[in-house]
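# Inside the fold
Here are the chains, one letter per residue:
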Amino acid sequence: MCRRYYFLLSFLILGGFVIFTSCKDKTSEMPPPEIQVINVIKKDVPLTRDFVGQVYGFQDIPIRARVEGYLLGVHFEEGYPVKKGQLLYTIDSQPFETQEASMASKVAEAQTYLVNAENELARYKPLAEINAVSKSDLDAAQASRDAAFSSLDAAKANLRMAQIQLGYTRISSPINGLIGKTEARTGEFVGREPNPVILNVVSDISKMRVEFFLTEAEYLEVARNFKQNVSDDGTVNRENPKNKENLTLILADGTTYEEKGSVQFLGRAIDSETGSILVQATFNNTKGLLRPGMYAKIQVEFEIAEDAILVPQKCVSELQGRYSVFVVDEGNIVKSKEVEVSDRIGDLWLIKEGLAENEQVLIDGLQKVTSGMVVKPVVTEFESQISEN
């Protein structure tokens, strides 16, 4: 009985050892896991910064009442395009017509005086030659004629001014553009504060101006990195191709405006109160999407990073302000490398230090690996989720 028991026990222990050994051998023979990696990206990339700007029409012309009076008519549709020379407003013209008539009568009166003075002078001249009248009488006749001539000039100038004032009662559009909401309605008195003086604004929106500001330090960085942007006289070098349509406009909803812009104007001086300088850019507005008063971001290219090292942002881990990536060496061993990141380029990180051009970086399964682990790298192509503009 005892022998049978010991034999059975020995058989169970030996069988368990064989099973354990077999499992261990199978485990040690398992292939390394497949891990997706990408080759480090190396290329020249523009480094940009965003600035908040405000949009204006290429021309924003205030429509002013240049004479006082009651508004008789509004001759346009608010918010619609108007043509240059199109009648916009009419102001009561009766007081100015009366003034014009009065000035016209004074011109006629001055012309009569001039004719009389010239006739008188014509009679005195032959008499003075035969000493029939004194020299002083001739001088007086000449002075009367000259005074009458000057009076006629003054009367004509007053008439011209009255005609100009009368013309101001009909207000026409100075440009082709888009007109806004009227600030006065028919029957209102206009042209004198606190009544409306600026009645409306007409904007040329075929092109748009966008104004933004650079700090003094930012201006110096741009000027030094892109010397070709500024001419020797301090103005924008518009002939340089790099200054033509190289600005990007990002709208309030986060979308990128489809047309590029260019710098047209650089401020004369740094504002002593704000420490910034004004920059004005222009954008074509072919589809009429942009409107005056909008706020948008201007994306400005500051410099070109040549042979920049880039990796997808999902490859980079961050812990307490320190950044690292997993790389696979020639022996397919995973290693953690600390890197110094710089700018974000879309969904990529610009790596300032820590990576070389020929290294492979893990892009998937970062939570499943540790340093020293052997893996089977599978090279894949990174597809950006952000379209390039």
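Details of the structure are given in the entry above.
The paragraphs below set out a description of the structure included in this document. Each chain has its residues counted from 1, running along the sequence as written. Side-chain atom pairs in this predicted model are given and counted only at pLDDT of 80 or more, local residue features only at pLDDT of at least 70, and totals for whole chains, interfaces and linings cover all residues. With hydrogens and water set aside, each side-chain value is computed from the structure's full complement of heavy atoms.

### Quick notes on the overall build of the chain
Strands here are runs of E lasting at least two residues and helices are runs of H or I lasting at least four, both read from the DSSP assignment and numbered beginning at the N terminus. Helices and strands together make up the secondary structure of the chain, namely four helices and 19 strands. When accessible area is computed with a 1.4 Å probe and restricted to protein chains, residues below 20% of their type maximum are described as buried, those above 50% as exposed, and intermediate ones as partly exposed. The buried share among the 389 residues of the chain stands at 32%.

### With respect to the nonpolar core
For soluble globular proteins, nonpolar side chains are generally found buried alongside one another. In terms of nonpolar packing, the biggest core is built from 24 residues, with Phe-212, Leu-247, Leu-249, Phe-283, Leu-290, Ile-298 and Val-300 touching the most fellow members. Among the elements of the structure, β2 (41–64), β9 (198–215), β11 (261–266), β12 (276–284) and β13 (295–312) are those that each provide at least two residues to this core. With five residues, β9 is the largest single contributor of residues to this core. Any two residues whose heavy atoms approach within 4.5 Å at even a single point are treated as in contact. Aside from chain neighbours lying at most four places away, what touches Val-300 is Leu-47, Thr-48, Arg-49, Phe-51, Phe-212 and Leu-247. Residues enter a nonpolar core if they are buried and are Ala, Val, Leu, Ile, Met, Phe, Trp, Tyr or Cys, with the set joined through side-chain atoms within 4.5 Å. If you look at the next biggest cluster of nonpolar residues, it comprises 18 residues, including Phe-76, Ile-175, Ala-184 and Leu-199.

### What to know about the pattern of salt bridges
One speaks of a salt bridge when a side-chain nitrogen belonging to Lys or Arg is within 4 Å of a carboxyl oxygen belonging to Asp or Glu. Scanning all chains against the criterion turns up 16 salt bridges. One salt bridge connects Arg-123 with Glu-120, and the closest N-O pair in it is separated by 2.1 Å. Taken together, the residues Arg-123 and Glu-120, both in helix α2 (residues 94–129) and three residues apart, mark about one turn of the helix. One network of salt bridges, in which partners are shared, links Asp-60, Arg-209 and Glu-211.

### Quick notes on the pairing of β13
Relative to β13, β2 runs antiparallel, the two being bridged by 13 bridges. Note on β13: the bridge partner recorded for Val-52 is Lys-297. As judged from the four bridges shared by β13 and strand β17 (residues 348–353), these two strands associate in the antiparallel manner. Bridging across to β17, Pro-312 finds its partner in Leu-348. When DSSP finds two or more bridges between two strands, those strands count as paired.

### Topic: α2
When the terminal C-alpha atoms of α2 are compared, their 53 Å separation across 36 residues agrees well with the 52 Å that a helix rising 1.5 Å per residue should span. Along α2, the residues that are buried comprise Phe-96, Met-103, Val-107, Ala-110, Leu-114, Ala-117, Leu-121 and Ala-128. Buried-residue contacts for α2 involve α3 (135–167). Following α2 by one or two positions, Asn-131 adopts a phi angle in the positive range, close to 60°. Residue count minus one, scaled by 1.5 Å, sets the expected span of a helix.

### Quick notes on the environment of Arg-291
Mapped onto the secondary structure, Arg-291 falls in the loop between β12 and β13. A residue is classified by how much of its surface remains accessible, and Arg-291, at 41% relative accessible area, is partly exposed. Placed 88 residues apart in sequence, Arg-291 and Ser-203 show a C-alpha to C-alpha distance of 9.1 Å. The contact partners of Arg-291, leaving out residues within four places of it in the chain, are Val-55, Leu-178, Ile-205 and Met-208.

### A few points about the pairing of strand β5 (residues 87–91)
Along β5, four of the five residues are buried, which leaves the element largely enclosed by surrounding structure. Here strand β3 (residues 69–74) runs beside β5; their pairing, made up of three bridges, is antiparallel. Its bridge partner lying in β5, Gly-73 is registered against Thr-90. Looking at chain direction, β5 and strand β6 (residues 170–172) are connected through three bridges and run antiparallel. Pairing of Leu-87 across the sheet is with Ser-172, part of β6.

### A word on unusual backbone geometry
Among all residues except glycine, the phi angle is most often negative; among peptide bonds, the trans geometry is most common. The linkage connecting Glu-193 with the following residue, Pro-194, adopts the cis geometry, with an omega of 5°. Within the element layout of this structure, Pro-194 appears in the loop between β8 (189–190) and β9. Of note in the backbone geometry, Gln-320 takes a positive phi value of approximately 50° without being a glycine. Relative to the elements of secondary structure, Gln-320 occurs in the loop between β14 (317–319) and β15 (322–328). One non-glycine residue, Asn-332, adopts positive backbone phi at about 60°. Take Asn-332: it is sitting in the loop between β15 and β16 (334–345). On the basis of relative accessible area, Asn-332 is assigned to the partly exposed category, the value being 30%.

### Observations regarding the packing of α2 against α3
For the pair α2 and α3, interaxial distance at closest approach is 8 Å and the crossing angle is 165°. Taken together, the axes of α2 and α3 lie roughly antiparallel to each other. Relative to α3, α2 is oriented so that their crossing is left-handed. Split by residue class, the contact of α2 with α3 holds 20 nonpolar, eight polar and eight charged. Axis definition: a line fitted to C-alpha atoms, over the contacting stretch in the case of helices. Angles run 0 to 180 degrees between N-to-C directions. Small angles under 35 degrees read as roughly parallel and large ones over 145 as roughly antiparallel, with 65 to 115 read as roughly perpendicular and the rest as oblique. Here a crossing is taken to be left-handed if its near helix is turned anticlockwise relative to the far helix by less than a right angle, and right-handed if that turn runs clockwise. Each residue is assigned to one of three groups, with Ala, Val, Leu, Ile, Met, Phe, Trp, Tyr, Cys and Pro labelled nonpolar, Asp, Glu, Lys and Arg labelled charged, and all others, Gly among them, labelled polar.

### Here we look at the sheet that holds β5
With antiparallel pairing, four strands are arranged side by side in an open sheet as β6-β5-β3-β8. Sheet topology places β6 and β8 at the edges, where each strand pairs with a single neighbour.

In short, shape yes, function no, at least from these values alone.
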